[in-house]
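Coordinates in review
Okay, here's what each chain looks like letter by letter:
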Amino acid sequence: MFLYNATVYQIPRGTRDFTSEEMQKRKYVENSMKTTFQTFGYREIQTPMFETLELFTAKSGEGIIEEIYNFTDKGGRELALRPELTAPVMRMYVEKLQMEPKPLKLFYLGSCFRYDRPQKGRYREFTQAGCEIIGADTPEAYAELIAMAYTVLENVGLKNIQLNVGNLNVLSAMFNVLKLPKDKQKYMIPLIDKSQFEDVLEALQDFGINPKIASSFLETLETSDINKILEYIKNDKSAKEELIKLEKILELLKKSFGIKNVQLKMSIVRGLDYYKGVVFEIEAPELGAEKQLCGGGAYELIELFGGRDSPTAGFAIGFDRTILALETEKYAFPTLDLDVFVILFNEEMMNKAIEITQELRKQNIKTDLDLLNRGIGKSMKYANSINAKKVIIIGPDELEKDSVTIKDMESGEQKVIKIKNILKEF
Ligand code: HAM
């Protein structure tokens, strides 16, 4: 019931409230992800929710403003809510962390904001869990980074995920074979990204590329056979070296890191402008249109931000999509239900009820009590509705003998125990 004339406020488009049930899932996923990052030697950092707008336009140009939330503050500064965390982390690195020993392994978890068109799995406010490694570009460093992305998702409980690895320098060498000007390459990128290969073929023909040459480009784009790609770019020495390095990364992923579900995919293009070299994505095929759970790779931003050059790579996992994928797989999230609810027969038992409740809380046992003194019937109903695992009932007869009744809500089993022995029940 709303008061006459009162305004009913609505949540902004593309944002969400999270109920306590949803927060339980989110906290479980957050804890699991943080633990996995830490087991790989990564350390957590945090940067502000908003940055100078220029931090994001520096590499991508003014065009990106269309996709982000930007504003002028009261001091006339041009600011933006962060659409991602790689540029902020690189800004922080250049400002504060350049002297740290290398490799520097950093991870983060936080909200991002994009002026996207909202739909399932695509929000205007969403959370990313990601990381950056600075100062290491061996095949082992890339393989470990990619394996960690996969492990983070596997450890939260996902079963059905697919890892694809590519290389943008090799893709660029493939474009060079076609002798396609940069603006025409740019037109093709979104088509390749969406695997619309028929449209790629059509576009190439429209650009005047001979059909035979166009179809051999497409075959190379779709193959996972490294030798075929090597043959295609055989005149480009540096791209060939990159491809051989990629082969080594794939071998490490399969043999040393034990990842089975990995394949070479030359059609990975990545949306952001800073990538260069190795790139990878992890998908949850069951999610449909917004199936990309994770994206990352090697990139260059440090010099642009005024720092001394050092190799950089990283990835970000879509936290919200990970939860959607777990729900699709019907994952049984661990619950954070109340361990025990304390019920009192009447107000005279209130002091004892508070005392027992506080003792249990001191032992980190999740405990609540009937603050409304509603009597046994109503309190039992309430304990049931909040899924309390046990209830303690304090009644006058038992209390006289320094005892209480304890009931297991799942089995229904009930017994009288001495107050001094309560902790033994948990
Ligand atoms: P990204 O591919 O733009 O990469 O985003 C990473 C992940 O964030 C996506 O795979 C997706 O799961 C999730 N995501 C993106 N947009 C939305 C949205 N509107 N709603 C829900 N989830 C979304 C980056 O952001 C790079 N900074 C990753 C990186 C780190 N590269 C190197 N280091």
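Now for a description of the structure that goes with this document. All of these numbers come straight from a predicted model, not from anything done at the bench.

Details of the site of the ligand
Glu84, Thr86, Arg270, Tyr275 and Gln292 are the nearest of the 27 residues found near the ligand. One of the side-chain N or O atoms of glutamine 128 is found 3.0 Å from an oxygen atom in the ligand. Within the contact set of the ligand, an oxygen atom lies 2.8 Å away from a side-chain nitrogen or oxygen of arginine 270. Where the shell around the ligand is concerned, the elements lending two or more residues are strand S6 (125–134), strand S10 (292–299) and strand S11 (312–318). Here the shell around the ligand gets six residues from one element, more than from any other, and that element is S10. Per-class residue counts for the shell around the ligand are 12 nonpolar, eight polar and seven charged.

Focus: a positive patch on the surface
Among the surface-exposed residues, Lys401, Lys418, Lys420 and Lys424 lie close enough to one another that they form a single positively charged patch. Summarising the element assignment, lysine 420 is placed in the segment after strand S16 (414–418).

Things to note about the nonpolar core
Where a protein is soluble and globular, its nonpolar side chains tend to be buried together. Formed by 112 residues in total, the largest nonpolar core has its most connected members in Leu163, Val165, Phe217, Leu253 and Phe315. With 12 residues, helix H4 (residues 139–156) is the largest single contributor of residues to this core. Aside from chain neighbours lying at most four places away, what touches phenylalanine 217 is Met174, Phe175, Leu178, Val200, Leu204 and Tyr232. By size, the runner-up hydrophobic cluster in this structure holds 17 residues, among which are Val342, Met349, Ile365 and Ile419.

Section: the environment of glutamate 132
Within the fold, glutamate 132 resides in strand S6. Since its relative accessible area comes to 1%, glutamate 132 is described here as buried. Residue contacts for glutamate 132: discarding those within four places in its chain leaves Tyr42, Thr86, Val89, Met90, Leu104, Lys105, Leu106, Tyr108, Tyr299, Ala313 and Gly314.

Let's talk about empty space enclosed by the protein
Throughout the structure, instances matching the rule amount to one cavity of 30 Å³ or more. Taken as a whole, the largest cavity encloses approximately 30 Å³ of empty space. Ile45, Gln46, Thr47, Arg82, Leu85, Tyr108, Leu109 and Gly110 together form the lining of the largest cavity. Class assignment for the residues of the lining of the largest cavity results in four nonpolar, three polar and one charged.

Remarks on the side chain of threonine 322
Among the secondary structure elements, threonine 322 is positioned in helix H11 (residues 319–328). Here threonine 322 falls in the buried class, since its relative accessible area comes to 0%. Discounting residues that sit within four places of it in the chain, threonine 322 has contacts with Val29, Met33, Leu153, Val156, Leu158, Leu293 and Ile317.

Some details on the side chain of aspartate 337
Turning to its location among the elements, aspartate 337 is positioned in the loop between H11 and strand S12 (340–344). Setting aside its immediate chain neighbours within four residues, aspartate 337 contacts Gln24, Lys366, Ile386, Asn387 and Lys389.

Scoring rules and cut-offs
Residues numbered from 1 in each chain as written. Predicted model: local features only at pLDDT ≥ 70, side-chain atom pairs only at ≥ 80, totals over all residues. Heavy atoms only, no water. Near = heavy atom within 4 Å. Polar contact = N/O pair within 3.5 Å; in protein donor to acceptor, adjacent residues only side chain to side chain. Helix = DSSP H or I, 4+ residues; strand = E, 2+ residues; numbered from the N terminus. Nonpolar A, V, L, I, M, F, W, Y, C, P; charged D, E, K, R; others polar. Patch = residues over 30% accessible without salt bridge, like charges linked within 9 Å, V, L, I, M, F, W, Y side chains within 5 Å. Areas by Shrake-Rupley, 256 points an atom, 1.4 Å probe, with all protein chains shown as cover. Salt bridge = Lys/Arg side-chain N within 4 Å of Asp/Glu carboxyl O. Lys, Arg positive; Asp, Glu negative; His and termini not counted. Charge placed at Lys NZ, Arg CZ, Asp CG, Glu CD. Core = buried A, V, L, I, M, F, W, Y, C linked by side-chain atoms within 4.5 Å. Buried < 20%, exposed > 50% of the residue type's maximum accessible area, 1.4 Å probe, protein only. Contact = heavy atoms within 4.5 Å. 1 Å grid on protein atoms, 1.4 Å probe; cavity = no way out; pocket = protein on both sides within 12 Å on 5 of 7 lines; lining within 4 Å. Points joined across faces, edges and corners; volume = space filled by probe spheres on them.

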